[in-house]
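Observations on the model geometry
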Amino acid sequence: MKPLEIAVVIEPRDDATGMVAAILRELEDALQAYLASGTTHVIDLATLPLGPADRAALQQTLGAGEIEVRINALGASLLRETGFAGIWWVRHEDVEGKLLCELLEVTDVPEIVRAYRADIEAASARLCGLTALPN
Amino acid sequence: MDREPTILESFQQQGMSRRSFLKFCAAAASLLALPAARAAELAEKLGAMPRPTVIYLSFQECTGCLESLTRSFSPTIEHLIFDTISLAYNDTLQAAAGEAAEAAREEAMRKAWGKYVLVVDGSIPAPLDGAYCVIGGKSALASVQEVAKGAAAVIAVGTCAAFGGLPMAAPNPTGAVAVQDLIKNKPLINISGCPPIPEIITGTIVYFLTFGVPELDAHRRPKVFYGNTIHDRCYRRPFYDKGLFAKTFDDAGARNGWCLYELGCKGPTTYNSCATMKWNGGTSFPIESGHGCLGCSEPQFWDRGDFYKPLSAGLWHGSIGEDLGIAAVAGAVLGGAAALTARHRQDKTRTETETRKPEGK
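Keep in mind it's a predicted model, so treat the numbers as computed, not measured.

**Here we look at the interface of chain B and chain A**
Often the size quoted for an interface is simply the accessible area lost on bringing the parts together. At the junction of the two partners, chain B supplies 21 residues and chain A supplies 24 residues. Taken together, the elements giving at least two residues each to the side of chain B that touches chain A come down to helix H2 (18-31) and helix H3 (36-48) of chain B. Ranked by residues supplied to the side of chain B that touches chain A, first place goes to H2(B) with nine residues. Taken together, the residues of the side of chain B that touches chain A sort by class into nine nonpolar, eight polar and four charged.

**Structural notes on the sheet that holds strand S7 (residues 151-157) of chain B**
For sheets, the rule is that strands pair by backbone hydrogen bonds, running either parallel or antiparallel. All names here are of chain B. The strand order S2-S1-S3-S7-S9 describes an open sheet built from five strands, whose pairing is parallel. Where the open sheet ends on each side, the last strands, each with one partner, are strand S2 (86-90) and strand S9 (188-191). When strand polarity is set aside, the average angle formed by the axes of neighbouring strands in this sheet is 20 degrees. Two strands pair when backbone bridges link them, and strand S3 (residues 116-121) and S7 are joined in this way by six bridges, in the parallel orientation. Residue pairing across strands places Asp-121 opposite Val-157, the latter belonging to S7. Strands in contact with helix H8 (residues 140-149) are strand S1 (53-58), S3 and S7; relative to S1, the strand with the most contacts, it is inclined by about 170 degrees. Contacts from helix H11 (residues 198-211) reach S3, S7 and S9, with the element oriented near 160 degrees to S9.

**Side note on the sheet that holds strand S5 (residues 99-106) of chain A**
With antiparallel pairing, five strands are arranged side by side in an open sheet as S1-S5-S4-S3-S2 (chain A). Each of the sheet's edge strands pairs with one partner strand only, and the pair in question is strand S1 (41-44) and strand S2 (68-72) of chain A. Adjacent strand axes in the sheet meet at a mean angle of 20 degrees, parallel and antiparallel pairs treated alike. One ladder, built from five bridges, connects S2(A) with strand S3 (residues 76-81) of chain A; its direction is antiparallel. Across the sheet, the residue bridging to Ile71(A) is Ser77(A), located in S3(A). Packed on one face of the sheet, helix H1 (residues 19-37) of chain A meets S1, strand S4 (87-93) and S5 of chain A and runs near 55 degrees to S5(A). Along the sheet face, H2(B) touches S1, S2, S3, S4 and S5 of chain A and points at about 95 degrees away from the line of S5(A).

**Focus: the environment of Ala33(B)**
Checked against the element boundaries, Ala33(B) lands in the loop between H2 and H3. What makes Ala33(B) partly exposed here is the crowd of 15 C-beta atoms within 10 Å. Counting along the chain gives 191 residues from Ala33(B) to Val224(B), while the straight-line C-alpha distance between them is 7.3 Å. In this structure, Ala33(B) is in contact with Thr47(A) and Val224(B), ignoring residues within four places of it in sequence.

Reading guide: rules and limits
- Residues numbered from 1 in each chain as written.
- Chains lettered and ligands numbered in written order.
- Predicted model: local features only at pLDDT ≥ 70, side-chain atom pairs only at ≥ 80, totals over all residues.
- Contact = placed C-beta atoms within 7 Å.
- Helix = DSSP H or I, 4+ residues; strand = E, 2+ residues; numbered from the N terminus.
- Nonpolar A, V, L, I, M, F, W, Y, C, P; charged D, E, K, R; others polar.
- Pairing = 2+ DSSP bridges.
- Axes fitted to C-alpha atoms, helices over the stretch in contact; angles between N-to-C directions.
- Buried ≥ 20, exposed ≤ 12 C-beta atoms within 10 Å, placed from the backbone.

As C-alpha cells, then:
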C-alpha cells in the first residue's frame with residue numbers, strides 16, 4: 001500500500017506583539033505602588049496573548065536575580081527573583097508537571113514562601129512532644 | 001469540633017499544607033481570570049469559609065457530566081475542591097443507598113438549610129406530575145422543588161439540566177424541561193456542555209462560594225467561561241479567515257489542519273472554552289482531533305440540523321457551492337457573513353430564474 005503523503009504546514013508566528021512593553025509599564029507602576037503603600041500586585045501571564053518571541057524578550061529584559069525558591073506542594077513550584085528586586089517570576093506546576101499558572105508577582109517575598117504563625121505553633125507543639133521526657 | 005471545619009482546615013486534615021492551599025488558590029484565580037486584588041481575596045475568603053454542603057441530584061442524564069468531573073486527571077483542582085466540599089448527597093458516588101441515603105440528604109438539608117448549594121444534573125420530565133422519572137417513590141419534579149427550597153443557589157450542570165438537552169430533543173417523549181423552567185426564585189447558574197469542562201464546574205463552584213453569583217450571559221452561563229465562541233479562540237481560525245477549508249475528512253485540507261466550517265463545525269455559534277481550556281488534562285479538543293464542534297453547550301443543539309452541514313446551509317436549505325468563499329472573506333462576524341452570502345444567493349437565484357424564464361417559454 002502506498003503511504004499517504006501527509007504534509008502538515010506549520011506556520012511559525014514569531015512576531016513580537018508589543019505586549020512586553022505593556023507588561024513592563026504595568027510592573028513599573030506596581031513597583032512604585034509597592035514602595036508608596038506596600039500594595040502587592042500579580043500579573044497572570046496565562047491571560048495575556050504572549051508569543052514565543054514576547055516570552056523570550058520578557059525573560060531577557062527582566063533577567064535573573066539572586067534567589068530561586070523551589071516549593072514541593074501539590075507538585076513543583078519555582079519562584080525566581082528577577083533582575084529587578086521586588087519582581088518575582090512564579091511558575092506553579094501540578095504533580096504531573098503540567099503548568100497550573102505562571103505569574104509575575106510584585107512583592108518583597110511571595111506569600112507562599114512564608115511560614116505562617118499557626119503552622120509554627122503546630123510545629124512547636126509537635127517538637128515539644130518529641131523532646132518531652134518519658135515519665 | 002462543634003463547628004464545620006473551614007476549607008483550609010479540611011485541606012490540612014488531609015495532610016496538605018497551607019502552601020498547597022495557596023497554590024490551589026493561585027491556580028483557581030488564574031482559571032477564573034481574576035484580577036490581582038481578587039486573587040488574594042479568594043485565598044483569604046475561601047480559607048476561612050466553613051466547608052460548603054453540596055447536594056447533587058441526578059435526573060434524566062447519562063452520568064457523563066459526573067464522569068467528566070471525577071475522571072479528570074488526579075490530583076487536580078477538581079479533586080481538591082471535591083475533597084474540600086461536603087458532598088452530602090450524590091446517588092452515584094455515595095456509599096449509602098435507599099432510605100439511608102435519603103435520610104442523609106434530609107439531615108444535610110436540615111443542618112445547612114438556606115446555605116447549601118444544589119447541583120442538578122439532567123433534565124426533569126414535567127407532565128403527569130413528573131411520572132416519567134421517579135426515584136424512591138418520589139418524582140424528580142417533586143425532589144428538585146423540595147431540595148431547591150432550602151438552597152442558597154442552584155447550579156445546573158450539563159446541557160440537559162441547563163437547557164433540556166437530549167431528553168428534550170424532538171419529539172421530547174417525556175416532556176423534559178430544564179431546571180430554569182422549574183426553579184424561578186433562586187440564584188441559578190447554568191454550566192452547559194455535553195459534558196461541561198470539569199474545570200468550569202469546579203471553577204464556578206469556587207467562584208460562587210467566594211464572591212457569589214458570577215456575571216452571567218443571556219443563557220445564565222458564567223461569562224468568564226462562555227464569553228467567547230469556540231471559533232473566536234480556535235487555532236484553526238486563521239485558515240477560516242484566509243478561506244482555506246477542509247472539504248472532506250480525508251482531503252489535503254483536513255490533513256493540513258484547515259478550517260472545518262464546511263464539514264459542519266458549529267464553532268462560530270457555540271459559546272464555550274474548549275479551544276483554550278481543552279480536555280483530558282489540557283491534551284486537545286474536538287477540533288484539534290479533526291472533527292467539527294457539535295455545539296453541545298448551546299440550547300437545542302440536538303435539533304439544530306445536520307452535524308455535518310455547514311451552519312450557513314440552514315439559511316439556504318440547500319447546497320453551499322462557491323458562495324462559501326464570500327463567507328470566508330467576510331470572515332469575522334458570522335452573522336454578517338451568512339447574511340451577506342444569503343443575500344448573494346438570493347440575488348443569484350433571482351438572476352438565474354430571470355434568465356431561465358425566457359428559456360422555458
